[in-house]
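# Survey of secondary and tertiary structure
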Amino acid sequence: MIVAMNPVRLDSETIRISEIFGPTIQGEGALIGKPTVFVRTGGCDYRCSWCDTLHAVDSAYRHDWAPMTPEAIMMQVEILSGGRPLTVSLSGGNPAIQPLGGLIDLGRESGYDFALETQGSIAKDWFSKLSVLTLSPKPPSSGMKTDWQALADCVSAAGKTTEIVMKVVVFDDGDYAFAREVANRHSDLPLFLQPGNHTPPPAEEENARIDMDGIMARMRWLIDKVADDKWFEATVLPQLHTLIWGNLRGV
């Protein structure tokens, strides 16, 4: 379900929202399968070649992003959850570019947990208020270059009160080597590997064609690669929502 949102006047607490939907399940990473409401923000400092959420990334679609207060966002979340606290996933785009500290404070007062996924390019002090921070540095196939110091700054910002995990999308051998480097640099953090979707949906399509056979072939290749290398510290998971719904948006 994608919730209609009324725009508000912009100020320092205003958050640009692409969509709010759920409850559904978290489809990937440490919280895979967990009931979740998604708050997807608009805007990103990256332009990954295989981005599957361009409608929340590309400024060409900013007219679809609604400026909302933390109170308005939590009202939508509470409507969707029936007033029963659950995990709220903050995603994007890159949600770290938005002022989300006030929203997290407000939601936690009512018993909601917050998880956030970001590429680790921008550190915020409110990372320490999250239950789970997923750092997903982008591998070479994305066309982006990782700032290792910025990634380390994100780890430091989360501190010891937030569960921190790493997640890397893998398309090929170069991405796999990148994932090994992430693991070497942050050996104390859990690492999740995920096969990439090489048929991401165009921003204007809400249920685009997907090459499921190709994705599953990459999944099998990745599992074999990890097993052959005896990389037993890594956890290989699919995008569960992709297996269930393909490229359908808002699930």
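Residues numbered from 1 in each chain as written. Predicted model: local features only at pLDDT ≥ 70, side-chain atom pairs only at ≥ 80, totals over all residues. Heavy atoms only, no water.

Across the interface, helix H1 (residues 70-81) lies against helix H2 (residues 101-109) with an axial gap of 9 Å and an inter-helix angle of 45°. By the criterion of interaxial angle, the relationship of H1 to H2 is oblique. With respect to the hand of their crossing, H1 and H2 are arranged in right-handed fashion. Contacts between H1 and H2 pair Pro 70, Glu 71, Ile 73 and Met 74 from the former with Gly 102, Leu 103, Leu 106 and Gly 107 from the latter. A breakdown of the residues in the contact of H1 with H2 according to their chemical character gives five nonpolar, two polar and one charged. (Axes fitted to C-alpha atoms, helices over the stretch in contact; angles between N-to-C directions. Helix = DSSP H or I, 4+ residues; strand = E, 2+ residues; numbered from the N terminus. Parallel < 35°, antiparallel > 145°, perpendicular 65-115°, else oblique. Left-handed = near helix turned anticlockwise from the far one by under 90°. Contact = heavy atoms within 4.5 Å. Nonpolar A, V, L, I, M, F, W, Y, C, P; charged D, E, K, R; others polar.)

Let's shift gears to the pattern of salt bridges. Counting across every chain of the model gives eight salt bridges. Ionic pairing is found between Lys 167 and Glu 28, a salt bridge with its closest N-O pair at 2.1 Å. In this pair, Lys 167 is assigned in strand E7 (residues 163-170) and Glu 28 in the loop between strand E1 (15-25) and strand E2 (35-41), connecting sequence segments 139 residues apart. For the pair Lys 167 and Glu 28, one class covers both residues: buried. One salt bridge connects Asp 229 with Arg 180, and the closest N-O pair in it is separated by 3.9 Å. With a gap of 49 residues between them, Asp 229 in the loop between helix H5 (212-228) and strand E10 (234-236) and Arg 180 in helix H4 (residues 173-185) connect regions that are remote in the sequence. A relative accessible area of 38% places Asp 229 in the partly exposed class. Judged by relative accessible area, which is 29%, Arg 180 ranks as partly exposed. The network of salt bridges with shared partners includes Glu 28, Glu 117 and Lys 167. (Salt bridge = Lys/Arg side-chain N within 4 Å of Asp/Glu carboxyl O. Buried < 20%, exposed > 50% of the residue type's maximum accessible area, 1.4 Å probe, protein only.)

Strands sit in the order E3-E1-E2-E4-E5-E6-E7-E8-E10 across an open sheet of nine strands; the sheet is mixed. A single partner strand is all that each edge strand has here, and the edge strands are strand E3 (66-68) and E10. Recorded for the sheet is a direction-independent mean angle of 30° between the axes of neighbouring strands. Alignment of strand E4 (residues 87-91) against strand E5 (residues 113-118), held across four bridges, turns out to be parallel. Residue pairing in the sheet places Ser 89 in a bridge with Ala 115 of E5. Across the face of the sheet, H1 comes into contact with E1, E2, E3, E4 and E5 while running at roughly 15° to E1. The strands touched by H4 within the sheet are E7 and strand E8 (191-195), with E7 carrying the most contacts at an inclination of about 165°. (Pairing = 2+ DSSP bridges.)

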